[in-house]
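Structure at a glance
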Amino acid sequence: MIEMRRGGAVEPVDWAPYMHWSKVHPDARFELSGSNLLPCTVDDLPGARDCLELSGPNDEGYEPLTRAIALHYGVEDARVCTAAGASGANFLAIAALVRAGEEVLVERPGYDPHAGAARLIGASVRRFDRSFEDAFRIDAARVEGALTERTRLVILSNPHNPSGVLASEAELDALAGLAEERGLHVLVDEVYLDAAPGRPRYAALRSDRLISTGSLTKSYGLSGLRAGWAVASEPVAEAMRRVRDVVDAVGAFPAERLAVLAFSQIDALKERAERILGPNREAWAGFVAEHDVLECVLPTGGAVAFPRIRGVDDAGPFVADVRARYGTGLVPGTFFGTPAHFRVALGGEHEVLVGGLEALDRALAER
């Protein structure tokens, strides 16, 4: 799939409709449509002002950053490929493993840049479902049933975006076994995983067929650094670095220096995330308990929730009304392939969430 050209003009293809919408929709008073953790300030990262350098050696990845990520995962440096955010890492992995005309299997509901990146390189996209009725768990049998001879890559998120549900060890082990048996790769977007309670095991540590992608954005509030990475087998990581040669070649050196500083303070950043997400998840759970009209699998990780209104097949009109009349921003579930649902952000300021929930309470009562 390419951009369509008519009469010499270029007509852009909307590869990821959600991402476009998220950039251009008007802000609401209580904006609960984001997915990032509350951004850090310079004061949240002591030493940041003294860390800046404008250039340095980072041709195959800034070595101190690669080393910090490898230590974080407990792997060899050669298994790490740095990237411009987790989205950049996802794209490098897809482009390294899939060719035009081949097939990628993507979860539904799911984060639409995953499918968009696959389509951008000319792959076809099939879906496997993670159903509300099954608490959005990963069913390896359902994944296997959706595979075809052309499938080269399976893509999913953990914790799940948009539901915030954390996959179980058994689910991921079954997926690793399937990948080994069928000789394919599984890309697991783990951008929220470090903000999940406890110390979940990274997908890439289960099998060389599994690839973990992450960043300092969703779990640590450092979106501006665009510090992302993948952890994969050494051959896949090397293939990703060769793809990066034609994408952006190298990272932004000042950002990579700051990312190394962030890894030196990673425990403090994780504690900050817990201080933000813990009360917000509790507030959301309390809100759901008080509103029988809402059906929701409560998030066990991540910074989002994905409820639906009982008996409503398309939440889009409700979401639009909540923004227009009640000043509260939500994300329509249609962007994730499940229009009955809508997504709520839990990673921002607590006062904004509380104000948004008060508005949502009125909207539900008056609809």
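See above for the structure.
Fair warning: this is a prediction, and the values are worked out from it, not measured in the lab.

When helix 10 (residues 316-326) is considered as a whole, its buried residues turn out to be Phe-318, Val-319, Val-322, Arg-323 and Tyr-326. In a view along the axis of helix 10, the buried residues occupy a sector of 135°, so they form one face of it. Set apart from the buried face of helix 10 by more than 90 degrees, the exposed residues are Pro-317, Ala-324 and Arg-325. Within two residues after helix 10, Gly-327 carries a phi angle of roughly 65°, on the positive side.

Next up on the list: the sheet that holds strand 9 (residues 210-215). Pairing in this open sheet of seven strands is mixed, and the strands run 4-10-9-8-7-5-6 from one edge to the other. Across the chains shown, the open sheet's two edge strands, defined by having one partner strand only, are strand 4 (80-84) and strand 6 (124-129). Pairs of neighbouring strands in the sheet enclose a mean axial angle of 25°, with direction left out of account. Pairing geometry for strand 8 (residues 185-189) and strand 9, over four bridges, is parallel. Paired with Leu-187 across the bridge in strand 9 is Ile-211. Where helix 3 (residues 85-97) meets the sheet, its contacts fall on strand 4, strand 7 (151-157), strand 8, strand 9 and strand 10 (227-231), and the angle it forms with strand 4 comes to roughly 120°. Relative to the sheet, helix 4 (residues 112-120) contacts strand 5 (103-108), strand 6, strand 7 and strand 8, its axis offset from that of strand 6 by approximately 155°.

In this fold, Ser-157 is placed in strand 7. Among the polar contacts made by the side chain of Ser-157, one reaches the main-chain amide nitrogen of Asn-161 at a distance of 2.9 Å. In contact with Ser-157, other than residues within four places in its own chain, are Glu-107, His-114, Arg-130 and Asp-189.

Cut-offs and rules
- Residues numbered from 1 in each chain as written.
- Predicted model: local features only at pLDDT ≥ 70, side-chain atom pairs only at ≥ 80, totals over all residues.
- Heavy atoms only, no water.
- Buried < 20%, exposed > 50% of the residue type's maximum accessible area, 1.4 Å probe, protein only.
- Helix = DSSP H or I, 4+ residues; strand = E, 2+ residues; numbered from the N terminus.
- Arc of directions from axis to C-beta.
- Pairing = 2+ DSSP bridges.
- Axes fitted to C-alpha atoms, helices over the stretch in contact; angles between N-to-C directions.
- Contact = heavy atoms within 4.5 Å.
- Polar contact = N/O pair within 3.5 Å; in protein donor to acceptor, adjacent residues only side chain to side chain.

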